[in-house]
Amino acid sequence: MTRNVPDKPTLDGLEAKWDERWESDGTYLFDRAKTRDEIFSIDTPPPTVSGSLHMGSVFGYVQTDAHARYRRMAGSEVFYPMGWDDNGLPTERRVQNYYGVRGDASLPYDPDLAPPEEPHDPPVLISRRNFIDLCHILTLEDEKVFEQLWRTLGLSVDWTQTYATIDDHSRRTSQVAFLNNLARGEAYSQEAPVLWDVDFQTPVAQAELEDREKGGAYHKVAFRKPGGEPIYIETSRPELICSCVALVAHPEDARYSDLVGSTVTSPLFGVEVPVVAHPLAEPDRGTGVAMICTFGDTTDVTWWRELELPTRAVIQHDGRFQEETPDWLDSEGGAFYAELAGLFPNQARRRMAELLAESGDMDGEPKQIMHPVKFYEKGDRPLEIVTSRQWYIRNGGRDDELRKTFVGRGEELRWVPGFMGTRYQDWVEGLNGDWLISRQRFFGVPIPLWYPLDDAAEPDFDNPIVPPADMLPLDPFSDVPPGYDESQRGQPGGFTGDTDIMDTWATSSLSPQIAGHWVDDPDLWERVFPMDIRPQGPEIIRTWLFSTTVRAHYEHDVLPWHTATINGWILDPDRKKMSKSLGNVVTPLPLIEEYGSEAVRYWACNGRPGVDTAVDFGVMKIGRRLAIKILNASRFALGFTDSDVEASAITNPLDRSMLAGLAEAVANATQAFESYDYTRALEAAERSFWGWTDDYVELVKARAYGDGPGADSAHAALQLALSVYLRLFAPFLPFVTEEVWSWWRQGSVHRESWPSADEFEGLTGEAQVADLVSQVLTAVRRVKSDAKVSMRAEVERVSVTAPADQIALIKEGELDLLEAARAAEADYSEGEFSVVAELADSSS
RNA sequence: GGGCGUUUAGCUCAGUUGGCUAGAGCACUGCCCUUACAAGGCAGGGGUCGGCGGUUCGAGUCCGUCAACGCCCACCA
């Protein structure tokens, strides 16, 4: 093939050019004829498609791509699918804001509803099905934007292997797995207190909780002993006094031991409640006595469960106090309750403080405090605890044996970096309940069950109607169970569909099964599972990583992957956490436009595995400079001949020495990649390459331009070195390496084999020759620099002092050295290494 | 309150089993339009390796301890 080297090579337009070519050539298509041992499979994180792209998204995906590209070149067939996580609350919220709509399950479907052009304000209420339609429309748009970004960044994904967590295939996989869990007893439903978001009106799993420091106040409130003496408690939630079921003290707290077993009366409401003992009550907190309510916090739930206390709930699912007077209050108490009815807890709290102050049941003013309050991580108001029927999957949170099993799975997994395994272990050991998977929302995978209705149209939740496998995926809201017809929906003796959907993690925890087509392509499944790596961020170890481990354990009794690679966290340029509320989110597109994809990739690959990394424009500039350098150096290396020179021509000691050094860099880069350290691999390639351009290329120039005996050797060595460098950089800088490859080679560099020691067989010499000659050259340059003359200035004589063995080596590269130094001659003497250069004419 | 991580040049970071005068890039200074590259090249200045104590012939590297910062977790009385 003749060479086609442009005069003015440029990075401009390379992304679009090569993305198109890779697409039309099918460069990254997965060859499913390969067997499991030949395949390297990646359980790609399906990014949440909620419209916002930021540098955190780019960071981990580029690192994974670099590794995928290495594996592909190293001989593996890479299974590298891409998913979109589009079901769930983030999408719902985006649709609500984007269109200005709210879903309302009570409204009828409007088949003619068009997506609003502009967001409605105030929001329009639309039916559940219309709402879901809008979710589909918008996610499709968002997914196109994501795919375009990934393509521009050069992710070597097989774009025919995409999935979305809301598509038919994912819904089917999710429902099949759920029904398997149900059949084996791993999934169950239960009426129980749950942490509840009053805005989203859905329960929240432990993994989605976060504590936020919030202001509050301790109210010191008197209950009354039978004789009328006060017993004080301190509470930050006085509004729940009406739902108090007991007071509690520590069993060994002598101050209250007389009281335990007796009853006291609540202020205002006059309800008689027992005083009980429990070790969770802390003597030195507050007055040592706490009030137990339905439910003020999760400790209340523990006390309620373990002490078998009654249930007196007043807060409804919408977060307000119920309107009707609770039946445990008498008329006097009811009058006070009327003051609270319909209020939100914070309003009721203020009113109660007033009422208690008026009645004299509060001692002093409320004491302002800061304390942690539980929130849904995506929510804006504190969680309440309400009782409702929900679905759970057992995860060891209520079973020590199972917990140990899952801790063991974490130990079995290889973690990169290793310390990330500790986070998994801490999480599993700290679980305090099973995994709550049901959500009372719209856009998600439905729980695929119906319930028979008795004569009073009450559902029998203990005997769900399970669909046959061939009905999946289904929506029990619109599909009818076998043996029934639609007219029986909601009728006595008929059926009703489960109205819940599953949380998004209940589906994305099956990403290996979805991508590997567990339910419908056993042949593919066998070739890719268990997968080789799970790359992901540290913040979703407790959710995605753990839940995937749980599902694979139940379904296949195996770890879903051998290795988990955890990327670091992305910080803004000032090393602060990026967040929308701080307004410091950096988006990738403007950066790609300014610096180019290669530069952004270079930055991402400079972030070491698991290490938090700041967005750094300086690093991107270096990456861009490297890419330009590759173009220019390639132009030089390929500029001497029109076709390849046989490698056997490489006889010159300096050339062979250079190749010895390069062989070492290849070994280092390979070893680094094998231990998932892409950064070290990049560093090895880069250090070698800059040395090559700075020193070797300068040394070899005269010989390469000439037509003397060493010219062929120089040409062949340049060519071989370039071929190796392009392949070393290909995983990191896929566009520029492909561009240069196309100047003189057929096919894609990304389907070439990774450089190996074999390629240097019989072509390497003593590595020190190039090192020593470079040192002498540097010394001569220093002399010129100090003398403030041009590097072209002629040198009369270079005098090298060095140990005898080094002199011998330097002499092997002497001709090139003299040319590069523009020196007339060299002389040598034995001794400690030093170089003296006499400039030819210092006055010129 | 517990756990994990980080702390090396003004800035961002390397430094793999302890071993010769501690490295890179950016920034800074000086020089050079040298035919691959001036959105470049060459050369240079700059560091008590967070503090203290220990192991060792030798410690940025191992051990102990303290501190600062970050992250994760934790029963909201």
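You'll find the structure just up there.
Residues numbered from 1 in each chain as written. Chains lettered and ligands numbered in written order. Predicted model: local features only at pLDDT ≥ 70, side-chain atom pairs only at ≥ 80, totals over all residues. Heavy atoms only, no water.

Draft legend 1. Focus on the pairing of strand β27 (residues 795–802). With 6 of 8 residues buried, β27 lies mostly within the body of the structure. Pairing of β27 with strand β28 (residues 823–830), which is carried by 7 bridges, proceeds in the parallel orientation. Opposite V800, over in β28, you have Y828 as the bridge partner. The pairing of β27 with strand β29 (residues 834–839) spans 6 bridges and is antiparallel. The partner of R797 across the bridge, within β29, is E838. (Buried < 20%, exposed > 50% of the residue type's maximum accessible area, 1.4 Å probe, protein only. Helix = DSSP H or I, 4+ residues; strand = E, 2+ residues; numbered from the N terminus. Pairing = 2+ DSSP bridges.)

Draft legend 2. Summary view of a negative patch on the surface. On the surface, E664, E766, D771 and E812 cluster together to form a negatively charged patch. Here E766 lies in the loop between α21 (734–744) and α22 (767–786). You can call E766 partly exposed: its relative accessible area is 41%. (Patch = residues over 30% accessible without salt bridge, like charges linked within 9 Å, V, L, I, M, F, W, Y side chains within 5 Å. Areas by Shrake-Rupley, 256 points an atom, 1.4 Å probe, with all protein chains shown as cover. Salt bridge = Lys/Arg side-chain N within 4 Å of Asp/Glu carboxyl O. Lys, Arg positive; Asp, Glu negative; His and termini not counted. Charge placed at Lys NZ, Arg CZ, Asp CG, Glu CD.)

Draft legend 3. Focus on the protein's contact with RNA strand B. In the vicinity of RNA strand B lie 56 residues, with E234, R285, A290, R542 and Y705 positioned nearest. The share of sugar and phosphate among atoms of RNA strand B within 4 Å of the protein is 75%. Within the side chain of T299, an N or O atom sits 2.7 Å from a sugar or linking oxygen of RNA strand B. A distance of 3.4 Å is found between a phosphate oxygen of RNA strand B and a side-chain nitrogen or oxygen belonging to R792. Counting only elements with at least two residues in the surface near RNA strand B, the list comes to β9 (209–224), β10 (230–235), α6 (298–306), β15 (367–376), α10 (420–429), α17 (617–637), α19 (678–705) and α22. The biggest single contributor to the surface near RNA strand B is α19, with 9 residues. In terms of residue class, the surface near RNA strand B is made up of 18 nonpolar, 13 polar and 25 charged. (Near = heavy atom within 4 Å. Polar contact = N/O pair within 3.5 Å; in protein donor to acceptor, adjacent residues only side chain to side chain. Nonpolar A, V, L, I, M, F, W, Y, C, P; charged D, E, K, R; others polar.)

Draft legend 4. Quick look at unusual backbone geometry. For the bond running from T294 to F295, omega is -20°, close enough to zero to count as cis. Inspection of the secondary structure puts F295 in the loop between β14 (289–293) and α6. Here L472 and P473 are connected by a cis peptide whose omega angle stands at 0°. Mapped onto the elements of the fold, P473 is located in the loop between β20 (450–452) and β21 (495–497). In this structure, E308 takes a positive phi of about 50° despite not being glycine.

Draft legend 5. Inspection of the sheet that holds β27 at higher detail. The sheet built from 3 strands is open, its strands ordered β28-β27-β29 with mixed pairing. Since the sheet does not close on itself, it has two edges, and those belong to β28 and β29, each with one partner. On average, each strand axis in the sheet is inclined to that of its neighbour by 15°, with strand direction left out of account. Those strands touched by helix α24 (residues 814–821) are β27 and β28, and its axis lies near 125° from that of β28. (Axes fitted to C-alpha atoms, helices over the stretch in contact; angles between N-to-C directions. Contact = heavy atoms within 4.5 Å.)

Draft legend 6. Summary view of the layout of surface pockets. Roughly 1400 Å³ of internal volume is contained in the second largest pocket. Of all the secondary-structure elements, those providing two or more residues to the lining of the second largest pocket are β9, β10, β14, α6, α8 (345–359), β15 and β16 (384–393). Take the lining of the second largest pocket: its biggest share by element is 6 residues, from β9. Looking at the lining of the second largest pocket residue by residue, the classes come out as 20 nonpolar, 13 polar and 13 charged. (1 Å grid on protein atoms, 1.4 Å probe; cavity = no way out; pocket = protein on both sides within 12 Å on 5 of 7 lines; lining within 4 Å. Points joined across faces, edges and corners; volume = space filled by probe spheres on them.)

Draft legend 7. Quick look at the pattern of salt bridges. Evaluation of the coordinates by the stated rule reveals 58 salt bridges. D523 is the partner of R32 in a salt bridge, and the nearest nitrogen-oxygen pair spans 2.8 Å. Linking R32 in the loop between α1 (14–25) and β1 (39–41) with D523 in helix α13 (residues 522–528), this pair joins segments that are 491 residues apart in sequence. D211 is the salt-bridge partner of K374, the closest N and O atoms lying 3.4 Å from each other. A residue pair is termed long-range when its members are at least 10 positions apart, and K374 in strand β15 and D211 in strand β9 qualify at 163 residues. Judged by relative accessible area, K374 falls into the partly exposed class, the value being 31%. Taken together, the salt bridges that share partners define one network made up of D19, E23, E147 and R151.

Draft legend 8. Inspection of the state of the cysteines at higher detail. Under the criterion given, the structure shown has 0 disulfides. Considering cysteine sulfurs only, C293 is the nearest to C242, which forms no disulfide, with 8.0 Å between them. The cysteine C293 is free of any disulfide, with C244 supplying the nearest cysteine sulfur at 5.1 Å. Overall, the relative accessible area of 3% leaves C293 in the buried class. (Disulfide = S-S within 2.5 Å.)

Draft legend 9. Representation of the nonpolar core within the structure. Residues M55, W150, W603 and W692 are the most contacted members of the largest nonpolar core, which totals 128 residues. Ranked by residue count, the leading element in this core is α19, at 13 residues. Formed by 59 residues, the second largest nonpolar core is a distinct cluster that contains M420, L472, L510 and V519. (Core = buried A, V, L, I, M, F, W, Y, C linked by side-chain atoms within 4.5 Å.)

Draft legend 10. Structural context of the side chain of E186. Tracing the sequence through the fold places E186 in the loop between α5 (168–183) and β7 (187–197). At 2.9 Å, the side chain of E186 forms a polar contact with the side chain of R184. Leaving out residues up to four positions away in the same chain, E186 has contacts with N180, N181, Y392, I393, R394 and Y554.

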